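Next come the chains, spelled out residue by residue.
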Amino acid sequence: MLKKNILLLIIGIAISLVLMGCGSKSKKISLDDTKPKSSLEETKSSGDIFVHVVGEVNAPGIVKVPEGTRLYNVIEKAGGMTKNAQTDYLNLADTVKDGQQIRVISKKEFKKLKKKKSSSSSPNESQGGSNQSGLININTATAEELQTLSGIGEVRAKAIVEYRTQNGNFSKPEDIKNVSGIGDATFNNIKSQICVD
């Protein structure tokens, strides 16, 4: 009888220890709760920005990224470029800004813009000033859009975008002459086609 009582007592103690062990494990789980993490995530999210990606990407729309993100990361978050995208006119290493719209154009659109560029290079059309509503804003234009200007090819367009990224927006159209490779002659060809709104 005494052995039976001792055995029951030992079993009772063992069960109590197991239950206490389970209780302490559940406390550990509750300590690892996600509440502290979510407050940390809220702190991190204060540095996030929103960029609108449109055109030839697989998932166009608003993309939330950390401040200082490069364009290639934004395009990846938008599902990457489609097979119809004109890939070589964007500066993929460029840093994006909050509220910016990124437009990835198609190869077809690129060809149309190239044709428009070659037709707008005739002296009568570029000097006429009749295209006031179609001025290219050199502070916001993509490299591709800049290539529609008379005498601005791919290299100079990329140089304009790089200069703008490193030094900020142009204050007046004449400031474009600060870009390497753009002198008085080039500026005189494009001054009636550009603005800094």
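Our structure's up above, just so we're on the same page.
Focus: the nonpolar core
At step 1: Counting 18 residues, the largest nonpolar core has Val51, Val53, Val65, Val74, Val96 and Val104 as its most contacted members.
At step 2: Not counting chain neighbours up to four residues away, the residues in contact with Val104 comprise Val54, Gly55, Glu56, Val57, Ile75, Met81, Ala85, Tyr89 and Leu90.
At step 3: With 17 residues, the next largest nonpolar core counts Ala141, Ile152, Ile190 and Ile194 among its residues.

Quick word on the sheet that holds strand 1 (residues 48-55)
At step 1: Taken together, the three strands give an open sheet; going across it, the order is 2-1-3, and neighbouring strands pair in mixed fashion. Edge positions in the open sheet fall to strand 2 (61-66) and strand 3 (101-104), since each of these has one partner strand only. Averaged over all pairs of adjacent strands, the angle between their axes in this sheet comes to 30°, without regard to strand direction.
At step 2: Here four bridges tie strand 1 to strand 3, and the two strands are oriented parallel to one another. Each bridged residue has a counterpart across the sheet, and for Val53 the counterpart in strand 3 is Ile102.

Basis of the calculations
- Residues numbered from 1 in each chain as written.
- Predicted model: local features only at pLDDT ≥ 70, side-chain atom pairs only at ≥ 80, totals over all residues.
- Heavy atoms only, no water.
- Core = buried A, V, L, I, M, F, W, Y, C linked by side-chain atoms within 4.5 Å.
- Buried < 20%, exposed > 50% of the residue type's maximum accessible area, 1.4 Å probe, protein only.
- Contact = heavy atoms within 4.5 Å.
- Pairing = 2+ DSSP bridges.
- Helix = DSSP H or I, 4+ residues; strand = E, 2+ residues; numbered from the N terminus.
- Axes fitted to C-alpha atoms, helices over the stretch in contact; angles between N-to-C directions.

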